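# Report on the structure
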Amino acid sequence: MKTLTRNNNLRNIAIIAHVDHGKTTLVDHMFRQSGLFRQNQEVAERLMDNMDLEKERGITISAKNCSVNWNGVKINILDTPGHADFGGEVERALMMVDGVVLLVDSSEGPLPQTRFVLRKALEAKHKCIVIVNKIDRKDARPKEVLDEIYGLFLDLDANEEQIDFPVLYAVGREGIAMKTPDEKGKDLSVLFETIINEIPGPEYDSAEPFQMLVADLGYSDYLGRLAIGKIANGSIKQNDELVCINEAAQVLPLKISKLQVYDGVNLGDTASAEAGDIAILAGIEDVHIGDTICNRDNPKPLKRIAVDEPTISMMFSINTSPLSGKEGKHVQSNKIRERLFKEALRNVALKVEDTPEGDSFVVKGRGEFQMAIIIETMRREGYELSVARPQVIYRMNNGKRLEPIEHLFVDCDESFVGVVSEKLSRRKGRMINLVNHGSGRVRMEFSIPSRSLIGYRNEFLTDTRGTGIMNSYLQGYEEFRGEFSSRLTGSLVSDRQGEALSYALYNLETRGILFVVPNDPVYEGMIVGEHNRDNDLDVNPCKGKKLTNMRASGKDDSIMLTPVIPMTLEKAIEFIKDDELVEVTPKSIRLRKAILASQKRHTLRNKAFSDKLESINA
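Bear in mind that the values here come from a model prediction, so they are computed numbers and not experimental data.

### Quick word on the overall build of the chain
- What the chain contains, in helices and strands, is 15 helices and 37 strands.
- The buried share among the 618 residues of the chain stands at 52%.
- Counting contacts in the chain only where the partners sit at least 6 residues apart, residues at least 24 apart contribute 72% of the total.
- Counting every atom, the chain has about 29,400 Å² of accessible surface; 48% of that belongs to carbon and sulfur.

Given below as C-alpha cells:
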C-alpha cells in the first residue's frame, strides 16, 4: 500500500457559490488582509473579475487562480463561476484543489447553481467550509439557511465527514468573518485560521517522479502558451527534461522556457516547485487540457479530466448578408474556425465540429448563456458572423429519444404564480414543489425540458414585471415529452434593400413591435420587427411619402415613433425561430431569415405545405 505524504506548507481551495452571493468580493478582502497590498495602495474592486464582460455583468465567467500567505502557509485560491453554463470551468478548477469554501446568501439560501457546484465538490471528496454571507441584510435568516444547507448536503449524499463542516458567518463587503452570527467580527482572520486548520494540505507520493495534470491554459505575448496545473507528485526545476502524454497516449518531448507560480494575482518566477503547488509552465506549444506533463525518464499518465457532456448546440457561420464585411475585421470562415477551436482548447465543456459546407461550424456547450458570452467576446474582438437558434442535443436509448431535463426554480410574487405556471405547463413543465413563506413571494420548482427554457427568459421577465428570478440546473435525461409552440408571433420581414424611413415605420407600428429606427440600413430578408400575428409578413420599411407641390415644408415633422428597445445578443438568440439567424458584427446585432430571397422562401413554404397535405391524404 502506498504511503502518502502531506505538504503542510500549502492549502489549495476553491470558492464556490451561486451567482451574486459574494465570492469575488470576499476574495478581494482576503487579498487586502493577507498583506498582499501596501496600506495606502489603490486596488480596484472585484480584482479577480478581469474580463470586460465580467466587470459589466457583475459575474465570474472563467475560473481564476491567485494566492495569499497567512502565518507562513501559502493558500492557493480559485475563484470559480457560479453559473451552471460555465460548469466546465468549475470541474477543471476542482481538479486543482483539496477543499472548498461554500458561500451562501443569508437571505436567499442555497440556490440551483449552489447545488450544481457543491455536487461536483462532494463527488471529488473535497472537505467543505460553509460561510453564511451577507448576515447584515435586513431579511437575513441565518438559522433557516443553515438548516437548508444541511438538507442540501443530505440530499447530495454527503458522507459523515463532509456533512460535519465548520460554519462561519460573514459580511463579505466589509471583510468580516465570525464563528456565530451574534459576534462582532473585525477581520477575516477566523476564515484564514479555519482554512489552515480544516482543509488538509495536498497529498503526494514521495516515491513517484514528477507528474502534473494540465487543468488550464493561458497565453503570454512574450512566453507563448502557458500550461497550468497542480503538481500531483514529485518536484520540478527550471531546466528539467519533460514529456507530455496526450489523449492518444503519445509521449511528446517538451522544453519549458520558464517556471512560475502564483504570487497574489500575478505570476512569479521560481527556480523550482514542489508537490501540491499550482505551477505554470511557459513555452509549451503542443499541450491540451487533460494532458499529463511528467519526467522523461519515467513517464506515467494521470487520469484525464472528465466533464459533463454538452446539452445544446448552435450553428456558427460566416455572415452572408448584403451588409457583410462593412463593420468587422475578421469575416472569413478560416478566421472564425481558428477562433472557435482556440476557445475549445481553453474551455473543456465546449466542443467545435466542422460541417460539410466548410463555412459553418457546430458549437456544443452547456447553455445559451455560455454561447452568448462566446459570441459577445468574439464580436468585441472584431469578428463578424451569423448564428442560428440553439438546439438541444438528444440521446437515443433502446430506440427511444431522450432529451435533457432541467430542475427549474422560480421565485416570484404571489400574483404571478398563475401566469408563470400556465406558461411553463404549456412548455411541458411539471410543478414538483411550491413553497410560500408568507412574505408575499413564492418559490416554485419545476421539472422541464431544456428546450422549453430557450426563448422563455424574456417572456418570464415581462410576465413578472421584471421582479421574477429564474434559475435551473441539469437534472438528467428523460423520454421526449412532445412538441409545443415556442413563439406565438411571426416576423416583419423587409422585402427590399435601402434605409428605413420614418413614414414607413410609422405605418408599420400597427403591425407589431419594431426593431429598427429611421436611417437604419435594411435589406431583403432582414427582420425589422415582431408581427402581432403568428405568420411572417413581408413589409416595405423604405417607403417614403409621395411628394406634391402642395406639400408644406414641415408637415412630416410631427411623426412620432414609439421608442425602440435596443436588441441585445441574448434577446436576439431567444427571439429567433429555426429558419432565422442572428447577424452579429462589432457594431450591430441584426435579425434575418436564413433564406433572404422572399420568392424562394414562399416557394419552399408552399412545397412544405403541399408535402404535408400529401402525407395526410396518404
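### Structural notes on the pattern of salt bridges
- Within this structure, the stated rule accounts for 37 salt bridges.
- Glu422 serves as the salt-bridge partner of Arg426, at 2.8 Å between the closest nitrogen and oxygen. Of this pair, Arg426 and Glu422 both sit in helix H10 (residues 417-426), four residues apart, roughly one helical turn.
- Members of the salt-bridge network, linked through shared partners, are Asp105, Lys134, Arg137 and Asp139.

### So, the packing of aromatic side chains
- For the coordinates displayed, the defined rule picks out six aromatic pairs.
- Ring geometry for Phe153 versus Phe165: centroids 4.6 Å apart, planes at 40°, classification tilted. Residue Phe153 is located in helix H5 (residues 142-155), and its partner Phe165 is located in the loop between helix H6 (160-163) and strand E7 (167-171); the two are separated by twelve residues in the primary sequence.
- Classification of Phe165 by relative accessible area gives buried; the value is 5%.
- Measuring from centroid to centroid gives 5.2 Å for Phe515 and Phe575, while their planes differ by 90°, and the two rings are edge-to-face. One end of the pair, Phe515, is in the loop between strand E32 (512-514) and strand E33 (521-522); the other, Phe575, is in helix H14 (residues 569-575), and 60 residues separate them in sequence.

### Notes on H5
- Taking 1.5 Å as the rise per residue, H5 with 14 residues should run 20 Å; its terminal C-alpha atoms sit 20 Å apart, in good agreement.
- Of all the positions in H5, only Pro142, Val145, Leu146, Ile149, Leu152 and Phe153 are classed as buried. When H5 is viewed along its axis, its buried side chains cluster within an angular range of 115° and face the same direction. Among the exposed residues of H5, those pointing more than 90 degrees away from its buried face are Lys143, Asp147 and Leu154.

### Details of the nonpolar core
- Ranked by size, the top nonpolar core spans 64 residues in total, and within it Phe153, Ile236, Leu281 and Ile293 carry the most contacts.
- Ignoring sequence-local partners within four residues, the contact set of Ile293 consists of Phe210, Gln211, Met212, Val214, Ala227, Leu242, Val243, Cys244, Leu254, Leu281, Ile284 and Val287.
- Counting residues in each nonpolar core, the second largest holds 32 residues, with Phe316, Ile336, Ala572 and Ile589 among its members.

### Notes on the environment of Glu422
- Looking at Glu422, the relative accessible area reads 40%, which means it is partly exposed.
- Within the local environment of Glu422, its side chain forms a polar contact with the side chain of Arg426, the two groups lying 2.8 Å apart.

### What to know about the environment of Arg496
- As for its placement among the helices and strands, Arg496 is situated in the loop between strand E30 (490-494) and strand E31 (498-499).
- Considered as a pair, Arg496 and Ala597 are 101 residues apart in the sequence and their alpha carbons are 9.4 Å apart.
- Residues within four places of Arg496 in sequence aside, it is in contact with Val522, Tyr523, Glu524, Asn540 and Cys542.
- A distance of 3.3 Å separates polar atoms of two side chains, one belonging to Arg496 and the other to Asn540.

### Overview of the sheet that holds strand E10 (residues 211-220)
- Taken in spatial order, the eight strands of this open sheet run E14-E13-E19-E10-E11-E18-E15-E16, and their pairing is antiparallel. Looking at strand neighbours, the two that pair on one side only are strand E14 (251-254) and strand E16 (266-269), the edges of this open sheet. Across the sheet, the axes of successive neighbouring strands diverge by a mean angle of 40°, strand direction being ignored.
- Pairing of strand E11 (residues 224-233) with strand E18 (residues 278-282), which is carried by five bridges, proceeds in the antiparallel orientation. Bridge pairing links Leu226 to Ala282 in E18.

Here is what the cut-offs are and how they apply
- Residues numbered from 1 in each chain as written.
- Predicted model: local features only at pLDDT ≥ 70, side-chain atom pairs only at ≥ 80, totals over all residues.
- Heavy atoms only, no water.
- Helix = DSSP H or I, 4+ residues; strand = E, 2+ residues; numbered from the N terminus.
- Buried < 20%, exposed > 50% of the residue type's maximum accessible area, 1.4 Å probe, protein only.
- Contact = heavy atoms within 4.5 Å.
- Areas by Shrake-Rupley, 256 points an atom, 1.4 Å probe, with all protein chains shown as cover.
- Salt bridge = Lys/Arg side-chain N within 4 Å of Asp/Glu carboxyl O.
- Phe/Tyr/Trp six-rings, centres within 6.5 Å; stacked < 30°, edge-to-face > 60°.
- Expected span 1.5 Å × (residues − 1).
- Arc of directions from axis to C-beta.
- Core = buried A, V, L, I, M, F, W, Y, C linked by side-chain atoms within 4.5 Å.
- Polar contact = N/O pair within 3.5 Å; in protein donor to acceptor, adjacent residues only side chain to side chain.
- Pairing = 2+ DSSP bridges.
- Axes fitted to C-alpha atoms, helices over the stretch in contact; angles between N-to-C directions.

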